[in-house]
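Residue-level listing of the chains:
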Amino acid sequence: TFGVGGNYLNEISKFRAFRTCWSRVISAYFPNDTNLSTTISAQIGHLNKSFADPHTNLLRQTTEVLSAISGGVDRLSVHPYDALSKHGTSKLAERMARNIPLILAEESYLNAVIDPLGGSYVLEEITHQLNELAWKSFIELDSMGGIRKQLALDHLRNSVRETANKRIHSMKTKNSTYIGINKFMNPTPFPIER
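Just so we're clear, the structure is a prediction, and the values are computed from it rather than from any experiment. (Residues numbered from 1 in each chain as written. Predicted model: local features only at pLDDT ≥ 70, side-chain atom pairs only at ≥ 80, totals over all residues. Heavy atoms only, no water.)

Novice: I'm lost on the overall build of the protein chain in this one. Help?
Specialist: Within the protein chain, the regular secondary structure consists of 5 helices and 3 strands. In terms of its C-alpha atoms, the protein chain occupies a principal-axis envelope of roughly 60 × 40 × 30 Å. With 194 residues in all, the protein chain has 31% of them scored as buried. Summed over all atoms, the accessible surface of the protein chain reaches about 12,400 Å², with 57% contributed by carbon and sulfur. (Helix = DSSP H or I, 4+ residues; strand = E, 2+ residues; numbered from the N terminus. Buried < 20%, exposed > 50% of the residue type's maximum accessible area, 1.4 Å probe, protein only. Areas by Shrake-Rupley, 256 points an atom, 1.4 Å probe, with all protein chains shown as cover.)

Novice: What is the right way to look at the pattern of salt bridges in this model?
Specialist: Oppositely charged side chains can pair when the atoms bearing their charge come close. A complete count under the given rule lists 6 salt bridges for this structure. One salt bridge in this structure joins Glu64 and Lys49, with 2.9 Å as the shortest N-O distance. One end of the pair, Glu64, is in helix α2 (residues 56–71); the other, Lys49, is in the loop between β2 (41–44) and α2, with 15 residues separating them in the sequence. Exposure remark for Glu64: the relative accessible area of 1% places this residue in the buried category. Here Lys49 falls in the buried class, since its relative accessible area comes to 12%. Within this structure, Arg16, Asp115 and Glu124 form a network of salt bridges that share partners. (Salt bridge = Lys/Arg side-chain N within 4 Å of Asp/Glu carboxyl O.)

Novice: Help me understand empty space enclosed by the protein in this model?
Specialist: A probe as big as a water molecule, rolled over the atoms, marks out the empty space that is left. Within this structure, the stated rule accounts for 1 cavity of 30 Å³ or more. Together, 15 residues line the largest cavity, and His46, Lys49, Asn57, Tyr81 and Leu84 are the ones closest to its centre. (1 Å grid on protein atoms, 1.4 Å probe; cavity = no way out; pocket = protein on both sides within 12 Å on 5 of 7 lines; lining within 4 Å. Points joined across faces, edges and corners; volume = space filled by probe spheres on them.)

Novice: For this particular structure, what's the right way to read the packing of α2 against helix α3 (residues 91–107)?
Specialist: For any two helices packed against each other, one specifies the crossing angle of their axes together with the interaxial distance. Close contact between α2 and α3 brings their axes to 10 Å; oriented N to C, the two are set at 45 degrees. It follows that α2 is oblique to α3 by the angle criterion. α3 is crossed by α2, and the crossing has right-handed handedness. On α3, the residues touching Leu58, Gln61, Thr62, Val65, Leu66 and Ile69 of α2 are Met96, Ile100, Pro101, Leu104 and Ala105. (Axes fitted to C-alpha atoms, helices over the stretch in contact; angles between N-to-C directions. Parallel < 35°, antiparallel > 145°, perpendicular 65-115°, else oblique. Left-handed = near helix turned anticlockwise from the far one by under 90°. Contact = heavy atoms within 4.5 Å.)

Novice: Explanation requested: the sheet that holds β2 in the structure shown.
Specialist: Picture the strands of a sheet paired through backbone hydrogen bonds; they go either parallel or antiparallel. Pairing is parallel in the open sheet, where 3 strands are placed in the order β1-β2-β3. Both outer strands of the open sheet, β1 (2–4) and β3 (75–77), are each paired with one neighbouring strand and no more. For this sheet the average axis-to-axis angle between neighbouring strands, irrespective of direction, equals 30 degrees. Two elements, β1 and β2, share 3 bridges in a ladder whose sense is parallel. (Pairing = 2+ DSSP bridges.)

Here's what the structure looks like:
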């Protein structure tokens, strides 16, 4: 199960790289197993969502869903764009959360194509780079005894925290642009109360 972020090309490549890494792990540990496939579930994240201009979240969700579908995700959860509101979600937000993936799958026929972006040089290169980084991380965690060992688990947790802190800092310092959050704010916001 993965979270889906807003970096379109990286998100597509992340899912593609995972499938390759998965088959490498299965081949290494279970060489007689002929089934190298896996099921990937994903859910839309909250880090890049706006409380001040929640309707921009619809656009972000659409891009995130598109990257997940294009990356080959088997199951996808889309939360309503106002899911973190202290007043709960609106009927519109719930309806959009259901309909965004349906429109992209059924009306754009993304569900009928095995690899809609296969052969793209940029995606293949990003996928290759992510694959190598992921494999290096896997070997490192494995050398610590695997994620069931406290040393490896602590290392993994610290790595995730560090990455999250860098992303939050980049957003706060406006090094990363998030429309409606830190750039091009809505002059008449319709805020969601946290």
